Amino acid sequence: QQYCLTSLGDPVWLFVFSALPRLSLVFEQNKAECLEKIKHYQKITIIYALLLLPFAMYFAPEIIFVFSGEYIEEAVFLFRIMYLETVIIHSNIFILHFFAASGRYDLFSRIYIITCIGSLLMYAVIVPTYGALGMALCIVASALLLVFCTQYTIGQYKNIILSS
């Protein structure tokens, strides 16, 4: 995953990494139950991200000040844009890791490879023209691409994974 100022200290990653071994065990015993647990955990992370969104947007100037020692208007604006990436990633984090929990590392890797290629192409085209704003927008677009690839792959393979 992308790691930036908007992800610092995010307890969702601890939640994900601590839950994955348990989810893998549950998958071995009951695939449908594993998917239900993942959906439940996913709802929790979405609620968490949406609850933090207004605070991150409102306190963006103070957050930037803590890390830079200055109130930089452009940095505040870019922080707010990039915080959307955090919300988008949280909306997908457990569904994406369903592939890892189910042992389908091939699909998990394919999602990341496609996202990386698409992201690199976006960065190569957009960043030279739009600079820091282009980078922030590409980060958000990369997160959206990751969600799209995950949802598409779930739609294509969910029944195969659950029946295998």
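Residues numbered from 1 in each chain as written. Predicted model: local features only at pLDDT ≥ 70, side-chain atom pairs only at ≥ 80, totals over all residues. Heavy atoms only, no water.

Helix length check: helix H4 (residues 73–90) (18 residues) gives 26 Å between terminal C-alpha atoms against 26 Å at 1.5 Å per residue, within 8%. Here H4 has its buried residues at Val 76, Leu 78, Phe 79, Ile 81, Met 82, Tyr 83, Glu 85, Thr 86, Val 87, Ile 88, Ile 89 and His 90. Elements in contact with the buried residues of H4: helix H1 (11–29), helix H2 (31–58), helix H3 (60–68), helix H5 (93–101) and helix H6 (105–163). (Helix = DSSP H or I, 4+ residues; strand = E, 2+ residues; numbered from the N terminus. Expected span 1.5 Å × (residues − 1). Buried < 20%, exposed > 50% of the residue type's maximum accessible area, 1.4 Å probe, protein only. Contact = heavy atoms within 4.5 Å.)

A word on the confidence of the model for the chain. Residue-level pLDDT values for the chain average 87, and 93% of them are 70 or greater. At the low end of the mean pLDDT range in the chain sits H1, at 81; at the high end sits H6, at 93. Across residues 1–6, confidence stays below pLDDT 50; counting only partners more than four residues off in sequence or on other chains, it has 20 contacts. (pLDDT = per-residue confidence, 0-100.)

So, about the pattern of salt bridges. Inspection of the entire model under this criterion finds two salt bridges. With a shortest N-O distance of 3.8 Å, Glu 36 and Lys 39 are connected by a salt bridge. Here Glu 36 pairs with Lys 39, and both are found in helix H2, just three residues apart, close to one helical turn. When its relative accessible area of 48% is taken as the criterion, Glu 36 is described as partly exposed. Of the charged contacts in the structure, one is a salt bridge between Arg 104 and Asp 106, with a shortest N-O distance of 2.9 Å. (Salt bridge = Lys/Arg side-chain N within 4 Å of Asp/Glu carboxyl O.)

Moving on: a nonpolar patch on the surface. Taken together, Leu 52, Phe 55, Tyr 58 and Phe 59 make up a surface patch of nonpolar side chains, about 440 Å² in accessible area. By the secondary structure assignment, Leu 52 is in helix H2. (Patch = residues over 30% accessible without salt bridge, like charges linked within 9 Å, V, L, I, M, F, W, Y side chains within 5 Å. Areas by Shrake-Rupley, 256 points an atom, 1.4 Å probe, with all protein chains shown as cover.)

So, about the nonpolar core. Counting 41 residues, the largest nonpolar core has Leu 23, Ile 38, Ile 93, Phe 94, Phe 98 and Phe 99 as its most contacted members. Taken together, the elements giving at least two residues each to this core come down to H1, H2, H4, H5 and H6. Broken down by element, this core gets its largest block of residues, 16 residues, from H6. Once you skip the residues sitting within four places of it in the chain, Phe 94 turns out to touch Phe 15, Val 16, Ala 19, Leu 23, Ile 38, Tyr 41, Gln 42 and Thr 45. Membership of the second largest hydrophobic core comes to eight residues, among which are Ala 60, Ile 64, Phe 79 and Tyr 83. (Core = buried A, V, L, I, M, F, W, Y, C linked by side-chain atoms within 4.5 Å.)

Using the criterion set out here, one finds eight aromatic pairs in the structure. Ring plane angle 90° and centroid distance 4.9 Å describe the contact between Tyr 58 and Phe 59, whose orientation is recorded as edge-to-face. Assessed through its relative accessible area of 61%, Tyr 58 is described here as exposed. Phe 59 gets classed as partly exposed once you look at its relative accessible area, which sits at 38%. Summarising the aromatic geometry, the rings of Phe 108 and Tyr 112 are spaced 5.3 Å apart at their centres and angled 65° between planes, so their arrangement reads as edge-to-face. In this pair, Phe 108 and Tyr 112 are both assigned in helix H6, four residues apart and thus about one turn of the helix distant. The exposure classification of Phe 108 matches that of Tyr 112, with both residues buried. In this structure an aromatic cluster arises from ring pairing among Phe 27, Phe 98 and Phe 99. (Phe/Tyr/Trp six-rings, centres within 6.5 Å; stacked < 30°, edge-to-face > 60°.)

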